[in-house]
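For reference, the chains in residue letters:
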Amino acid sequence: MNRIRVNASRPYDVIIGSGLLENISNIIRETCPRAERVLVVSDSNVAPYHLKNVCESLKNFAVSSFVFEAGEKSKNLTTIDAVYDACAGFGMTRTDLILSLGGGVTTDMAGFAAATYMRGIPVIHMPTSLLCDVDASIGGKTGVDHPSGKNIIGAFYQPSCVIINVDFLSSLPDAVFTEGMAEVIKYAFIMDKELFSLLEKNNIHSLRSDISLLEKVITRCAADKIEIVNEDEFDNGRRQLLNFGHTVGHVIELASNFNTSHGEAVALGMAIIARASVHAAICDNTVCDSLLKLLNSYGLPSSYDYSPADIAHSAMHDKKARGSVVSLIVLEDIGRASIHKMNESEIKEFLTL
Ligand code: GLY
């Protein structure tokens, strides 16, 4: 078991390991000593696999659950309102706790409900997908979508603890596991050359069949994300590196009406930016080739027919735009990326090179 401290405005631990279900009562007791009630928030895909076991593991707490229909379409204020109803119906007070059990949609929504119910109650994240293990569960980004865009409504609200039980990943369908690999590969390219070497020596099959290797990879990614959050909790500087592939990816995801998964869209976004970085003479062709090869060996796509003008135009409506400028993350080397502030025509020019 690995335990890494996040030194954010509210410090907390990220605990990574196998067999953690047996320990969750102790971890919660230690983290939230005054909690009496735990509301487990999960979705209709995850609940049939894990909800019963998790609820049964929560010894010495009053436990209730709220399960919403899985998918991005549920990520809205109507669902949040239903979570508030569940909290109120269960008699939750300010010292009671929401436990999120699921992927990024669940973490974001449970975190937002916790941030706002009674002006803030504790939340512990127990992610069940690779993507959520290495990204969404750590760093306190919470929120819901709005008709004007993805994650438009939200708050920074750090959890009280993150419990990454790697055993959960064995029940993940291949496509969902593969999706998470896009975020793993992202860390290798923006900041972690050693992770790149580890991933290069392996592939999707070896990673899925070796739980200790998987734990090692997740721990590296969590440590990478924590390093960044410790330096820039509120996303005004280095944290923006985590958006490598995401600005273009969000446009692809939206244009496909969410038929392209987040992970696939991020993979395509990273590939598009890497090719453009080569054409702009910012990075070497071998670096781009290494990225494309790694994406393919982990089952992710790397080519997409796109219009630079459409991507540049939509990117300006991304919630990360500041005024008429977007911070585009450009690839320099394996393990090194940089932030470039560009307006719409500069993005278009960069992608057209
Ligand atoms: N998902 C990117 C971040 O947490 O900043």
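Data block above holds the structure.
For clarity, every value in this text was computed on a predicted model and none was experimentally measured.

1. Considering the pairing of strand 10 (residues 326–333)
Residues in a regular strand project their side chains so that they alternate between the two faces of the sheet.
Thinking step 1. The buried fraction of strand 10 is high, at six of eight residues.
Thinking step 2. Following strand 10, the chain reverses through two residues before pairing antiparallel with strand 11 (residues 336–342); Gly335 in that reversal takes a positive phi of roughly 90°.

2. Digging into empty space enclosed by the protein
Thinking step 1. Evaluation of the coordinates by the stated rule reveals one cavity of 30 Å³ or more.
Thinking step 2. Considering only enclosed or pocket space, the largest cavity measures out at about 40 Å³ in volume.
Thinking step 3. Around the largest cavity, the lining residues are Asn243, Gly245, His246, Thr247, Val248, Ile273, Ser327, Leu328 and Ile329.
Thinking step 4. Elements with a contribution of two residues or more to the lining of the largest cavity: helix 10 (246–255) and strand 10.
Thinking step 5. Classifying every residue of the lining of the largest cavity gives four nonpolar, five polar and no charged.

3. Comments concerning unusual backbone geometry
Thinking step 1. One non-glycine residue, Asn151, lies in positive phi territory at about 55°.
Thinking step 2. Note on placement: Asn151 falls in strand 8 (residues 149–156).

4. Observations regarding the site of the ligand
Thinking step 1. Around the ligand, the surrounding shell consists of Asp135, Lys141, Lys225, Arg239 and Leu242.
Thinking step 2. In this structure, Lys225 approaches the ligand through a side-chain N or O atom, which is 2.5 Å from an oxygen atom.
Thinking step 3. The protein chains hide 88% of the 200 Å² of surface that the ligand would expose on its own.
Thinking step 4. Classifying every residue of the shell around the ligand gives one nonpolar, no polar and four charged.

About the criteria used
Residues numbered from 1 in each chain as written. Predicted model: local features only at pLDDT ≥ 70, side-chain atom pairs only at ≥ 80, totals over all residues. Heavy atoms only, no water. Buried < 20%, exposed > 50% of the residue type's maximum accessible area, 1.4 Å probe, protein only. Helix = DSSP H or I, 4+ residues; strand = E, 2+ residues; numbered from the N terminus. Pairing = 2+ DSSP bridges. 1 Å grid on protein atoms, 1.4 Å probe; cavity = no way out; pocket = protein on both sides within 12 Å on 5 of 7 lines; lining within 4 Å. Points joined across faces, edges and corners; volume = space filled by probe spheres on them. Nonpolar A, V, L, I, M, F, W, Y, C, P; charged D, E, K, R; others polar. Near = heavy atom within 4 Å. Polar contact = N/O pair within 3.5 Å; in protein donor to acceptor, adjacent residues only side chain to side chain. Areas by Shrake-Rupley, 256 points an atom, 1.4 Å probe, with all protein chains shown as cover.

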